[in-house]
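An overview of the molecular structure
Here are the chains, one letter per residue:
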Amino acid sequence: SLQWVGFPGFSFRNGARSVVLAAALVFCARVFLQRSYAERSVAALVTGLSFLGYGLTQSVYAIALLRQVLEPVPTDGPLPAALQASIRLLSVDVVLLCGISLGMILLLVEAHQKSERSLRESLSRGREAVEENTALQLEMQNRLEVEQRLRASEDKYRDLVENSEDLMCTHVLDGRILSVNRSVARSLGYKVDELLGMHLRDIIAPEVRHEFDLYLHDIQRDLVARGVLKVVTRGGARRLWSFRNSLRLEGVATPIVRGMARDVTEQLRAERALRRSEEKFSIAFRSSPSAKAIVSMQTGRFLDLNGEV
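Keep in mind that what you see is a predicted model, and the values were worked out from it rather than measured. (Residues numbered from 1 in each chain as written. Predicted model: local features only at pLDDT ≥ 70, side-chain atom pairs only at ≥ 80, totals over all residues. Heavy atoms only, no water.)

1. Considerations on the pattern of salt bridges
If you walk through the whole model with that rule in mind, you get 14 salt bridges. Note that Glu194 and Arg234 form a salt bridge whose closest N and O atoms lie 2.7 Å from each other. On the criterion of sequence distance, the pair formed by Glu194 in helix α5 (residues 192-195) and Arg234 in the loop between β3 (224-232) and β4 (238-248) is long-range, its members being 40 residues apart. Residue Arg234 is classed as partly exposed on the basis of its relative accessible area, which comes to 48%. The closest approach of N and O atoms between Glu266 and Arg239, which form a salt bridge, is 3.5 Å. Of the two residues, Glu266 sits in helix α7 (residues 265-287) while Arg239 sits in strand β4, which places them 27 residues apart along the sequence. When salt bridges with common partners are traced through the structure, they connect Arg239, Asp263, Glu266 and Arg269 into a single cluster. (Salt bridge = Lys/Arg side-chain N within 4 Å of Asp/Glu carboxyl O. Helix = DSSP H or I, 4+ residues; strand = E, 2+ residues; numbered from the N terminus. Buried < 20%, exposed > 50% of the residue type's maximum accessible area, 1.4 Å probe, protein only.)

What follows is the structure in structure tokens.
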């Protein structure tokens, strides 16, 4: 027989320790099982189950120890239940400790693999970001080059329009002027800014303003209008513009008339003067009482004769 003097004190101390250890093990099992469910981790599942099993064995051991405290302990006799439980569960505890160790190792391997995957993904995202940044910079550079060429083209076009001797303007269908070049302003005696917002009726000579509605009707019907327009300058002088205007419908919110004209005042005056001179010469030539003829110096042929020849 064996003597078990002082065993109740031993049972109380180790029973309390086993209760606390069992609670801690069950809590750890809960944490790892939740992680296994959330992350689908086999390593966390193995570790959680090992912690749970180890916590259950410690609970059994704690219950046996605490019962030994409450029950009288014989001074001689067989081994107490606590020691029997401890001996029987020892092999199970060893297996569960091995399971916990294996699970922790698997968790470390899993964490390392995740770290490597994260690193590879980070490097991949970094390369993609660099490639996207490079592509974006190239796109921005191309866009800047296109914008620079566009501005250069617009500057050339604006310079051509502004300094052209032809009269250029745009207006809406109600006659409000949208833009004019310097030749228009110079021909009318206005500044460019003064003409913007004015109405075409304001520069058309009063005696022909009634023809403006007919002009609008023709350009809306045919999309093109041409003719000679009599305008009045700021000083009251009359000028004649030979124009050809077209109606723009595409790419604009409201129709816009593109106008191009040329000042033909002096040309028409010269033509009228020439016709008058020719008429006077013809009258003098035909009504002369003397015989008159016009002969080609090269061929000697008569080109014209009056009635006295």
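Following the structure, the description resumes.
2. So, the environment of Gly99
Secondary-structure assignment places Gly99 in helix α3 (residues 81-162). Separated by 53 residues in the primary sequence, Gly99 and Val46 have C-alpha atoms spaced 6.8 Å apart. Filtering out sequence-adjacent residues up to four positions away, Gly99 remains in contact with Val46 and Ser50. (Contact = heavy atoms within 4.5 Å.)

3. Brief notes about the nonpolar core
By size, the foremost hydrophobic cluster in this structure holds 24 residues, and its most contacted members are Val184, Leu188, Leu195, Ile203, Tyr215 and Trp241. Counting only elements with at least two residues in this core, the list comes to β2 (177-180), α4 (182-188), α6 (212-222), β3, β4 and β5 (256-263). Tallying contributions element by element places α6 first for this core, with four residues. Listed in part, the 10 residues of the second largest apolar core include Ala44, Leu96, Ile100 and Leu107. (Core = buried A, V, L, I, M, F, W, Y, C linked by side-chain atoms within 4.5 Å.)

4. Comments concerning the packing of aromatic side chains
Under the counting rule described, the total for this entry stands at three aromatic pairs. Pairing Phe32 with Phe51 gives two aromatic rings, centres 5.5 Å apart and planes at 5°, and the pair type is stacked. With Phe32 in helix α1 (residues 7-39) and Phe51 in helix α2 (residues 42-70), this pair connects stretches of sequence that are 19 residues apart. The two residues Phe32 and Phe51 agree in class, both being buried. A ring pair is formed by Phe212 and Tyr215, whose centres lie 5.7 Å apart and whose planes are at 40°; its orientation type is tilted. Of the two residues, Phe212 and Tyr215 both sit in helix α6, three residues apart, roughly one turn of that helix. Summarising the burial analysis for this pair, Phe212 and Tyr215 share the class buried. (Phe/Tyr/Trp six-rings, centres within 6.5 Å; stacked < 30°, edge-to-face > 60°.)

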